[in-house]
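# Summary of the model geometry
As a plain string of letters, each chain reads:
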Amino acid sequence: MPSPLFADHPADRPPERETVEALITQARRLRGGLDAVRRESAVDTDLATDPQLRWQRALCDLAVHHLDDLDGHLDQLRTGLPTESDDDGVAADAPPATAAEPEPPQRGALLRRVGSAEWNLLTDEVSWSDELFAIFGRSPAEGPLTLDELPALVHPEDQEGLAAMVTDCLVDGRPIDGEFRIVRPDATLRTVHMVGEPVLDADGGTACMWAVLRDVSELRRSQQAVRETRDSLHRERQIAQTEHRLAVELQEAVLPPWRGSLRFPQGGPVALDLAGRYLPAGTSALIGGGWYDALQLPDGTTLLSVGDLTGHGATATSGMAMVLGALRGMAVAGHRPGPLMAFLNQLLDTAAQPALGSAVCGRFAPETRTLEWAQAGHPAPLLFRGGTGRALDPPEGVLLGATSGASYTQHTEQLEPGDLLVLHTDGLLPRRSHGPDAAHEGAERLLSLAPRFAGARSAQDSVRIVVEEFGSAEREDDACVLVARVGD
């Protein structure tokens, strides 16, 4: 404590005991609430890789240290206050326990982390509190360290800083406020925060120096954990933003650039009026591996395809680009839809990064108005005619990449002038329920648009109808839709 030489300073009025008791109650209630938050943010084995959760847990641990210290300081303050009956020489009864008050931190925990010392420069006497001996890992029988001996336990990198603080205090009369690390006899490293002042004699010279030292090792570790987890979270977010931007750019480069209607084949006897749209997920900004495509082939037929790969981000979009490029190349080479699906299955099954996917692929022949198509675990195209709609009978076909050597059959559908085909990924239809009937329920909602499709003048108008119905829905996944209208 400061020397009595400072007795000329007026003493402040001590705080009311009731006020301190109320503050202690509030601090312990906060501690109890924080414990509940810590339990909710506990990082288990499955979630330990989530930087957001690790950062939240580190913040909770740091807040615990601060609240425990606050409770300890307030408890010390309460201990030093007189009770109402002290003037009468009668001990006061302990305040009744509050049912809602949580268990306080371990009593004395803060006291064990705070010690005091005084170095008398006139008599060379040194006094340490028992707590300071414990902080430095020394036995009181070994005696306290003088200012000259103290650097022997200080970390070599911090010795110069401690020497500067002590010199400024003894020579210039400056107060001490700084930290340094000590190496205890058991080789453990502790961080100590020291505050102190010089005590002046009647001539203005330094007579002694007193200091209070606090072990802040756990606090600094918690702060370091917060910084590290915050930096990790920041890096993860930057990586996620970069991957998202890459996925968007890759998707925009691969998907058809046309935004209005197209007519394939150009100059043919019967044309297909085509329009497509990509719809982002309604609940997140994740980019998936979905695609839609229409391509005029050398033999005059038109390739129609829609598909989706599992996953999100740059990995999914790069896989989608690979599959779509292979699909186009094999279609130009003359492969029919069934064998083409088998080749795509082999491609995904042997890829460096195996993935699963679903797809539907068809070739429209304008001379005969026939659609030859195959599918791989994908929703069947919907055919709208005369104000009604139905799903085409799907040929056999498993998911792409699910099994080696899978074979895919194909069906042929005779189309008529004015027919409307809707090809889509399953993410288009938000599922209001789960189970075997969920997909059927979604298809029924799309089929219910048949009267509106009948009044549409173009494929682009039909796409707008789909977007109006499903574009703002709370879909869990992004989606693609392709509409083909058979011309007269």
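Model, not experiment: these values are computed from the prediction. Think of each chain on its own: its residues are numbered from 1, step by step along the sequence as written. Residue-level local features of this predicted model are given only where pLDDT is at least 70; pairs of side-chain atoms are given and counted only at 80 or more, and the full residue set underlies all totals for whole chains, interfaces and linings. Remark: hydrogens and water are excluded; side-chain values derive from all non-hydrogen atoms of the structure.

## Some thoughts on the nonpolar core
Among the nonpolar cores identified, the biggest contains 48 residues, and Leu304 and Met341 are the most heavily contacted of them. Runs of H or I in DSSP of at least four residues are treated as helices and runs of E of at least two as strands, each being numbered from the N terminus. Examining the composition of this core, we find that six residues originate from one element, helix H6 (residues 314–332), more than from any other. Each residue touching methionine 341, except ones within four places of it in the same chain, is listed here: Ala359, Val360, Cys361, Ala374, Gln375, Ala376, Leu400 and Tyr408. By convention a nonpolar core is built from buried Ala, Val, Leu, Ile, Met, Phe, Trp, Tyr and Cys residues, the set being connected through side-chain atoms within 4.5 Å. Note on exposure labels: buried denotes an accessible area under 20% of the residue type's maximum, exposed denotes more than 50%, and partly exposed covers the range between, all computed with a 1.4 Å probe on protein chains only. Trp119, Ile135, Leu153 and Ile182 belong to the second largest nonpolar core, which has 24 residues in total. Contacts between residues were defined by any pair of non-hydrogen atoms, one from each residue, lying within 4.5 Å.

## Some points on the pattern of salt bridges
Whenever Lys or Arg places a side-chain nitrogen within 4 Å of a carboxyl oxygen from Asp or Glu, that contact is recorded as a salt bridge. Counted by the stated rule, this structure contains 21 salt bridges. Notably, a salt bridge pairs arginine 328 with aspartate 293, separated by 2.9 Å at the nearest N-O pair. One end of the pair, arginine 328, is in helix H6; the other, aspartate 293, is in strand E8 (residues 288–296), with 35 residues separating them in the sequence. Given the relative accessible area of 26%, arginine 328 is considered partly exposed. Ionic pairing is found between glutamate 469 and arginine 452, a salt bridge with its closest N-O pair at 4.0 Å.

## With respect to the packing of helix H5 (residues 217–254) against H6
Angles here are taken between N-to-C directions and fall from 0 to 180 degrees, while the axes themselves are lines fitted to C-alpha atoms, restricted in helices to the stretch in contact. Close contact between H5 and H6 brings their axes to 8 Å; oriented N to C, the two are set at 15°. The angle between H5 and H6 falls in the class roughly parallel. When you trace H5 past H6, the crossing you get is left-handed. Touching Glu243, Leu246, Ala247, Leu250, Gln251 and Val254 of H5 are Ala314, Thr317, Ser318, Met320, Ala321, Leu324 and Arg328, all from H6. Amino acids are sorted into nonpolar (Ala, Val, Leu, Ile, Met, Phe, Trp, Tyr, Cys and Pro), charged (Asp, Glu, Lys and Arg) and polar (every other residue, Gly among them). A class-by-class count of the residues in the contact of H5 with H6 yields eight nonpolar, three polar and two charged. In what follows, roughly perpendicular refers to angles from 65 to 115 degrees, roughly parallel to angles under 35, roughly antiparallel to angles over 145, and oblique to any angle outside these ranges. Should the near helix be turned anticlockwise from the far one by less than a right angle, the crossing is termed left-handed; should it be turned clockwise, right-handed.

## Re the packing of aromatic side chains
Pairing of aromatic side chains requires ring centres within 6.5 Å, counting the rings of Phe and Tyr and the six-membered ring of Trp. Pairs whose planes differ by under 30 degrees are stacked, by over 60 edge-to-face, and all others tilted. Considering all chains together, one arrives at three aromatic pairs under this definition. Here tryptophan 128 and phenylalanine 133 contribute two aromatic rings whose centre-to-centre distance is 5.3 Å and whose plane-to-plane angle is 55°, an arrangement assigned as tilted. Note on tryptophan 128 and phenylalanine 136: the rings are 5.0 Å apart at their centroids and 45° apart in plane angle, and the pair reads as tilted. Since its relative accessible area comes to 10%, tryptophan 128 is described here as buried. Phenylalanine 136 gets classed as buried once you look at its relative accessible area, which sits at 1%. Taken together through their ring pairs, the aromatic side chains of Trp128, Phe133 and Phe136 make up a single cluster.

## Here's the deal with helix H7 (residues 337–349)
Here a helix's expected span is defined as the number of its residues, less one, multiplied by 1.5 Å. The end-to-end C-alpha distance of H7, which contains 13 residues, comes to 18 Å, matching closely the 18 Å that a straight helix rising 1.5 Å per residue would cover. Check the buried side of H7 and you find it contacts strand E9 (302–312), H6, strand E10 (357–365) and strand E11 (370–376).

## Looking at the sheet that holds strand E14 (residues 411–414)
Overall, antiparallel pairing links the five strands, which are arranged E8-E9-E10-E11-E14 in an open sheet. The outermost strands of the open sheet, each flanked by one partner alone, are E8 and E14. Direction aside, neighbouring strands of the sheet carry axes that sit 15° apart on average. Only strands that DSSP links by at least two bridges are regarded as paired with each other. Summarising the sheet, E9 and E10 pair through eight bridges and their orientation is antiparallel. By the bridge assignment for E10, valine 306 is matched with valine 360. The strands touched by H6 within the sheet are E8, E9 and E10, with E8 carrying the most contacts at an inclination of about 20°.

## Considering H5
For H5, with 38 residues, the first-to-last C-alpha span of 55 Å sits near the 56 Å given by 1.5 Å per residue. Of all the residues in H5, the buried ones are Ser217, Leu219, Ser222, Val226, Thr229, Ser232, Leu233, Ala247, Gln251 and Val254.

## Re the confidence of the model for the protein chain
Of the residues in the protein chain, 80% have a pLDDT of 70 or more, and the chain-wide mean is 82. Each residue gets a pLDDT score, which is the predictor's confidence in that residue and runs from 0 to 100. When the criterion is pLDDT under 50, residues 1–11 qualifies, and its contacts beyond four places in sequence or with other chains add up to nine contacts. The low-confidence segment residues 84–105, where pLDDT is below 50, has 16 contacts with residues more than four positions distant or belonging to other chains.

## Quick word on unusual backbone geometry
Although it is not a glycine, aspartate 124 adopts a positive phi angle of roughly 60°. Residue placement: aspartate 124 occurs in the loop between strand E1 (114–120) and strand E2 (126–128). In the Ramachandran plot, arginine 369 falls in the positive-phi region, its phi being about 55° despite a non-glycine side chain.

## What about the pairing of strand E4 (residues 189–200)?
Within a regular strand, side chains alternate between the sheet's two faces. Sheet topology note: the strand E3 (residues 176–183)/E4 ladder contains eight bridges and is antiparallel. Bridge pairing links valine 183 to leucine 189 in E4. The antiparallel hairpin formed by E3 and E4 contains five residues in its connecting segment, where alanine 187 sits at a positive phi of about 75°. In terms of strand pairing, E4 meets strand E5 (residues 206–215) through nine bridges, oriented antiparallel. Its bridge partner being in E5, methionine 194 is matched across the sheet by leucine 213. Between the antiparallel neighbours E4 and E5 lie five residues, among them glycine 204 with a positive phi of about 90°.

## Structural notes on the sheet that holds E2
Taken in spatial order, the five strands make up an open sheet running E2-E1-E5-E4-E3, and their pairing is antiparallel. Two strands close off the open sheet at either side, each with one partner strand: E2 and E3. Geometrically, the sheet is characterised by an average inter-axis angle of 20° between neighbouring strands, direction not taken into account. Packed on one face of the sheet, helix H4 (residues 159–172) meets E3, E4 and E5 and runs near 145° to E3.

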